[in-house]
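# Summary of structural features
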Amino acid sequence: MSMIAAFYSGKSILITGATGFMGKVLMEKLFRTSPDLKVIYILVRPKAGQTTQQRVFQILNSKLFEKVKEICPNVHEKIRAIYADLNQNDFAISKEDMQELLSCTNIVFHCAATVRFDDHLRHAVQLNVTATQQLLIMASQMPKLEAFIHISTAFSNCNLTHIDEVIYPCPVEPKKIIDSMEWLDDAIIDEITPKLIGDRPNTYTYTKALGEMVVQQESRNLNIAIIRPSIVGATWQEPFPGWVDNLNGPSGLIIAAGKGFLRSIRGAPMAVADLIPVDTVVNLTLAVGWYTAVHRPKSTLIYHCTSGNLNPCNWGKMGFQVLATFEKVPFERAFRRPNADFTANTITSQYWNAVSHRAPAIIYDFYLRLTGRKPRMTKIMNRLLKTVSMIEYFVNRSWEWSTYNTEMLMSELSPEDQRVFNFDVRQLNWLEYIENYVLGIKKYLLKEDMAGIPEAKQHLKRLRNIHYLFNTALFLIAWRLLIARSQMARNVWFFIVSFCYKFLSYFRASSTLKV
Ligand SMILES: CCCCCCCCCCCCCCCC(=O)SCCNC(=O)CCNC(=O)[C@H](O)C(C)(C)COP(=O)(O)OP(=O)(O)OC[C@H]1O[C@@H](n2cnc3c(N)ncnc32)[C@H](O)[C@@H]1OP(=O)(O)O
Ligand SMILES: NC(=O)C1=CN([C@@H]2O[C@H](COP(=O)(O)OP(=O)(O)OC[C@H]3O[C@@H](n4cnc5c(N)ncnc54)[C@H](OP(=O)(O)O)[C@@H]3O)[C@@H](O)[C@H]2O)C=CC1
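The model shown is predicted, which means the values in this text are computed figures rather than measured ones.

To continue, consider the site of ligand 2. Thr19, Arg45, Lys47, Arg55 and Tyr204 are the nearest of the 26 residues found near ligand 2. Taking Arg55, its side chain carries an N or O atom lying 2.5 Å from an oxygen atom of ligand 2. Surface burial for ligand 2 is 91%, taken as the share of its 900 Å² of free accessible area covered by protein chains. Secondary-structure elements contributing two or more residues to the shell around ligand 2 are helix H2 (21-33) and helix H10 (203-217). Across the shell around ligand 2, the residue classes break down as 13 nonpolar, eight polar and five charged.

Structure, rendered in structure tokens:
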């Protein structure tokens, strides 16, 4: 029997960010391995015209939860959606709900965050720092609380190259930042943001670092642990390989590459692609929840959930395997034939941006205009290139994260727990994982039918022919212009033509002689 699964039986668990990518996988695994748990409270806000209940209904009826519904048929009764908005005071939770949360919760998993790189500092601070502080204050009033697990990111200290499992202080105290966000106006915040984030690339990594400091400062007598995952990708094994449901991390860019929009990225092919499957992160999170509650470490332990130091894969290899999978299972209605090239050279990258990204978009928009339709490709391309510019920081560097605590935890688990809550990335086969990832994107994100693969392959063949035709026509036009203007080009042209003529005459003469 798994000790971790048994630990969560009968427990009341509070999850923030349960409607997000990681939160859904966390809930799924909890229900599947500990169907006897008492209740999972989730803090949900209405979104996109859906009430909180509708959102929960949609999650439980998704493919991800198919296995859970077999193992735990009453899953609907064990999930309690609580209306909450983490941007508001006391999270806008009703008094009754708050009372229930405070008196019943045994474990808190804090996953909610804004993961947008370009979020306004005020909003990023509100969600990633202030909300974390408020949740900790709430947690300190929970008499039955056994563990509080905070999800951070391995990139919270991406300004360093070697990162230990410790909290690194930021120059300005989080409390001062929280206070100043209350009275500074947006224009001033915009002005001071670059100075505050310093050598970090965006507000996301900066506010996640502040969030960790808040956890340390507000920990009081709580049993707290922090988990720092690197770039979270599709599921590796559970509940099935390749599940993914949002565009964050590499997923959106794999779509852009598969659809032929993005063909080259300015990135170091040999830099480590520190991807980590979402089910691996969730297994570690649950193991940490158990360890923190049962063993009560004296200080707040930080666990790096990364792959680079144990089983490294680089961006070049990843791009190659993504491309190889597109050959087997192409995406439908591609704009151009896929490519996934990483180039570290800025000039080469700018050249490809002009030739391979912007020029085709302009030509296509010209064609749309000619055929009386509204041009849109340049706009899409500009957005895509903006996204790419934001991730460039992460694909041009490698980091080293120490994993002593994560390895220590692995050694503390029973063989059964090591199997059920596997977070040993050394067992991950990258080629297989990336292939399943691309397949998962096709099935679960793009919702494309596998029966459409032959047609998609035909479409790529047509694009290849158009590409050859276009290049030949372009070459002939360029050549024609050149020989009209340059004597040297004309001489070369006459030399080639006369050489071909002589060769043909010789060939014809020798074949007549043979007859
Ligand atoms: C071939 C091999 C590839 C390998 C490729 C390597 C990738 C290597 C990633 C490293 C990453 C590390 C990061 C640290 C890991 C964390 O700790 S945190 C998790 C990472 N967080 C993220 O990935 C969030 C990134 N996203 C953002 O910040 C914002 O969405 C963006 C990219 C700035 C765009 O903002 P925006 O222009 O306001 O647009 P938004 O409304 O969000 O979306 C606009 C459009 O872009 C699309 N879009 C949004 N996000 C994306 C995306 N990521 N990609 C593409 N399209 C997107 C949307 O679908 C939308 O399309 P339309 O509906 O307009 O057609
Ligand atoms: N994805 C990744 O690559 C990585 C993620 N992480 C960390 O993991 C955690 C989970 O990330 P992930 O699941 O990918 O992120 P998602 O963006 O998928 O999920 C974010 C969650 O936070 C919730 N949330 C955001 N704002 C509010 C609000 N005002 N009130 C209530 N809930 C809110 C969202 O709810 P709603 O659905 O209503 O928007 C959603 O459930 C985060 O802490 C992130 O920093 C760390 C490393 C990498």
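Turning our attention to the nonpolar core. Among the nonpolar cores identified, the biggest contains 108 residues, and Ile15, Ile42, Phe109 and Leu409 are the most heavily contacted of them. Examining the composition of this core, we find that 10 residues originate from one element, helix H12 (residues 278-295), more than from any other. If sequence neighbours within four positions are ignored, Phe109 has contacts with Tyr8, Ile13, Leu14, Ile15, Thr16, Leu26, Leu30, Ile149, Thr285 and Leu286. Counting residues in each nonpolar core, the second largest holds 45 residues, with Val39, Leu135, Met138 and Leu196 among its members.

Here we take up unusual backbone geometry. In this structure, Pro239 follows Glu238 across a cis peptide bond, with omega equal to -5°. With a phi close to 50°, Asp90 is a non-glycine residue in the positive phi region. Turning to its location among the elements, Asp90 is positioned in the loop between strand E3 (79-83) and helix H6 (95-104). Here Lys447, not a glycine, exhibits a phi torsion of approximately 55°, which is positive. For Lys447, the position within the fold is in the loop between helix H18 (430-445) and helix H19 (453-485). Since its relative accessible area comes to 65%, Lys447 is described here as exposed.

Let us look at the pattern of salt bridges. Counted according to the given criterion, the structure contains 21 salt bridges. Close ionic contact of Arg426 with Asp424 constitutes a salt bridge, the shortest N to O distance being 3.0 Å. Overall, Arg426 belongs to the partly exposed group, its relative accessible area being 46%. A salt bridge links Glu455 to Arg462, with the shortest nitrogen-to-oxygen separation between them at 3.3 Å.

With that settled, the discussion passes to the domain arrangement of the protein chain. As assigned here, the protein chain comprises domain 1 (3-240 + 274-311 + 399-408) and domain 2 (456-514). Here the C-alpha centroids of domain 1 and domain 2 sit 62 Å apart.

Attention now moves to the pairing of strand E1 (residues 12-16). Judged by how many residues are buried, E1 sits mostly within the fold: five of five residues are covered. Going residue by residue along E1, you find Ser12, Leu14 and Thr16 tucked away on one face and Ile13 and Ile15 tucked away on the opposite face as well. Note that E1 and strand E2 (residues 39-44) share five bridges and pair parallel. Paired with Leu14 across the strands is Tyr41, a residue of E2. The pairing of E1 with strand E4 (residues 107-110) spans four bridges and is classified as parallel.

This chain's UniProt record puts "transmembrane region" (unreviewed entry) on residues 466-483 and 492-509. The distance from the first to the last C-alpha atom of residues 466-483 is 26 Å, and the span holds 100% helix and 0% strand. Split by type, residues 492-509 is 100% helix and 0% strand. Its first and last C-alpha atoms lie 26 Å apart.

Rules used throughout
- Residues numbered from 1 in each chain as written.
- Chains lettered and ligands numbered in written order.
- Predicted model: local features only at pLDDT ≥ 70, side-chain atom pairs only at ≥ 80, totals over all residues.
- Heavy atoms only, no water.
- Near = heavy atom within 4 Å.
- Polar contact = N/O pair within 3.5 Å; in protein donor to acceptor, adjacent residues only side chain to side chain.
- Areas by Shrake-Rupley, 256 points an atom, 1.4 Å probe, with all protein chains shown as cover.
- Helix = DSSP H or I, 4+ residues; strand = E, 2+ residues; numbered from the N terminus.
- Nonpolar A, V, L, I, M, F, W, Y, C, P; charged D, E, K, R; others polar.
- Core = buried A, V, L, I, M, F, W, Y, C linked by side-chain atoms within 4.5 Å.
- Buried < 20%, exposed > 50% of the residue type's maximum accessible area, 1.4 Å probe, protein only.
- Contact = heavy atoms within 4.5 Å.
- Salt bridge = Lys/Arg side-chain N within 4 Å of Asp/Glu carboxyl O.
- Domains from an automatic or database assignment.
- Pairing = 2+ DSSP bridges.
- UniProt positions renumbered as here; feature names shortened; annotations may be inferred.

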